[in-house]
Amino acid sequence: MKLGYVIHYVPDVAATVAFYEKAFGLAPRFIHDSGTYAEMETGVTALAFASEAMIDEQGASFRRTRPGDTPPGMEIALVTDDVRAAFATAVAAGAVPLMPPKQKPWGQTVGYVRDLNGALVELCSPMS
């Protein structure tokens, strides 16, 4: 078993792709012609965005992620060598700062923002 991709259901796939390009420097890997699904270039495991309508059409229910609500109990973790610069870029692009980058006791630098949909995004240095 291996993790192939993580799908984040969002109200607007195109806006989310544009935000992740600007805030985190990720490039689209694939965007479906319908505009209801996209994958970002993130290495072996893809970060994907799908329209909330897609899951609704399948008859499944879920808690939507919204900026004014408490984020769900999961995060999108993006690894970078320069967490402080990535944090500043993300905030300048509209990410909501939660915790500025801080060196953790185990040596990793970690900061947190929320994306345009309200999802929690961890920006962290590689584990040594």
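Above this note sits the structure.
These lines cover the structure that appears in this document, whether it is placed above or below. (Residues numbered from 1 in each chain as written. Predicted model: local features only at pLDDT ≥ 70, side-chain atom pairs only at ≥ 80, totals over all residues. Heavy atoms only, no water.)

Focus: the packing of aromatic side chains
Using the following cut-off: Each pair of aromatic rings taken from Phe, Tyr and Trp, with Trp reduced to its six-membered ring, is defined by centres within 6.5 Å and is described as stacked if the planes are under 30 degrees apart, edge-to-face if over 60, and tilted in the remaining cases. Partly exposed describes any residue whose relative accessible area lies between the buried limit of under 20% and the exposed limit of over 50%, with all areas from a 1.4 Å probe on protein chains only and scaled to the type maximum.
Applying the stated criterion across every chain yields a total of six aromatic pairs. Ring geometry for F19 against Y20: centres 5.7 Å apart, planes inclined by 75 degrees, an arrangement best described as edge-to-face. Each member of the pair, F19 together with Y20, is buried. Ring centres of F30 and Y37 lie 6.2 Å apart, and the angle between their planes is 55 degrees; this geometry places the pair in the tilted category. On the basis of relative accessible area, F30 is assigned to the partly exposed category, the value being 39%. Taken together, the ring pairs connect F19, Y20, F24 and F49 into an aromatic cluster.

Focus on the sheet that holds strand β6 (residues 96–103)
The pairing of strands in a sheet happens through backbone hydrogen bonds and is either parallel or antiparallel. The test is simple: Any two strands are treated as partners once DSSP identifies two or more bridges connecting them. Secondary structure elements are defined from DSSP: runs of H or I of at least 4 residues count as helices, runs of E of at least 2 residues count as strands, and each element is numbered from the N terminus. Angles shown run from 0 to 180 degrees and are taken between the N-to-C directions of axes, each axis being a line fitted to C-alpha atoms and, for helices, limited to the stretch in contact. A contact between two residues is defined here by any heavy atoms of the two lying within 4.5 Å.
Spatially, the four strands line up as an open sheet ordered β5-β8-β7-β6, and their pairing is mixed. Bordering the open sheet on either side are β5 (76–79) and β6, each of which pairs with just one other strand. Taken pair by pair, the neighbouring strands of this sheet meet at an average axis angle of 15 degrees, ignoring direction. Sheet contacts for helix α1 (residues 13–24): β5, β7 (109–114) and β8 (120–124); angle to β8, the most-contacted strand, approximately 25 degrees.

Some points on the sheet that holds strand β1 (residues 5–10)
Taken in spatial order, the four strands of this open sheet run β1-β4-β3-β2, and their pairing is mixed. Only two strands of the sheet have a single partner each, and these edge strands are β1 and β2 (28–31). Adjacent strand axes in the sheet meet at a mean angle of 20 degrees when their direction is disregarded. Of the pairings in the sheet, the one linking β1 to strand β4 (residues 46–51) comprises six bridges and is parallel in character. For V10, the partnering residue across the bridge sits in β4 and is S51. Contacting β1, β2, β3 (37–40) and β4, α1 crosses the sheet at an angle of about 150 degrees to β4.

So, the pattern of salt bridges
Threshold: Salt bridge, as applied in this entry: a Lys or Arg side-chain nitrogen positioned within 4 Å of an Asp or Glu carboxyl oxygen.
Per the counting criterion, the structure on display carries four salt bridges. Here R66 ties to E52 by a salt bridge, and the two come within 2.7 Å at their closest N and O atoms. Of the two residues, R66 is situated in the loop between α2 (52–57) and β5 and E52 in helix α2; the sequence distance between them amounts to 14 residues. For R66, a relative accessible area of 29% gives the class partly exposed.

Examining the environment of G59
Within the fold, G59 resides in the loop between α2 and β5. A relative accessible area of 66% means that G59 is categorised as exposed.

Details of the packing of α1 against helix α3 (residues 83–92)
Basically, it comes down to this: An angle below 35 degrees is treated as roughly parallel, one above 145 as roughly antiparallel, one from 65 to 115 as roughly perpendicular, and anything else as oblique. Amino acids outside the nonpolar list (Ala, Val, Leu, Ile, Met, Phe, Trp, Tyr, Cys, Pro) and the charged list (Asp, Glu, Lys, Arg) are all regarded as polar, and Gly is one of them.
One can describe the packing of α1 onto α3 by two numbers: an axis separation of 7 Å at closest approach and a directional angle of 140 degrees. With respect to each other, α1 and α3 are oriented oblique. Along its contact with α1, which presents K22, A23 and F24, the element α3 presents A86, T89 and A90. Counted by class, the contact of α1 with α3 contains four nonpolar, one polar and one charged residues.

None of this, on its own, says anything about what the molecule does.
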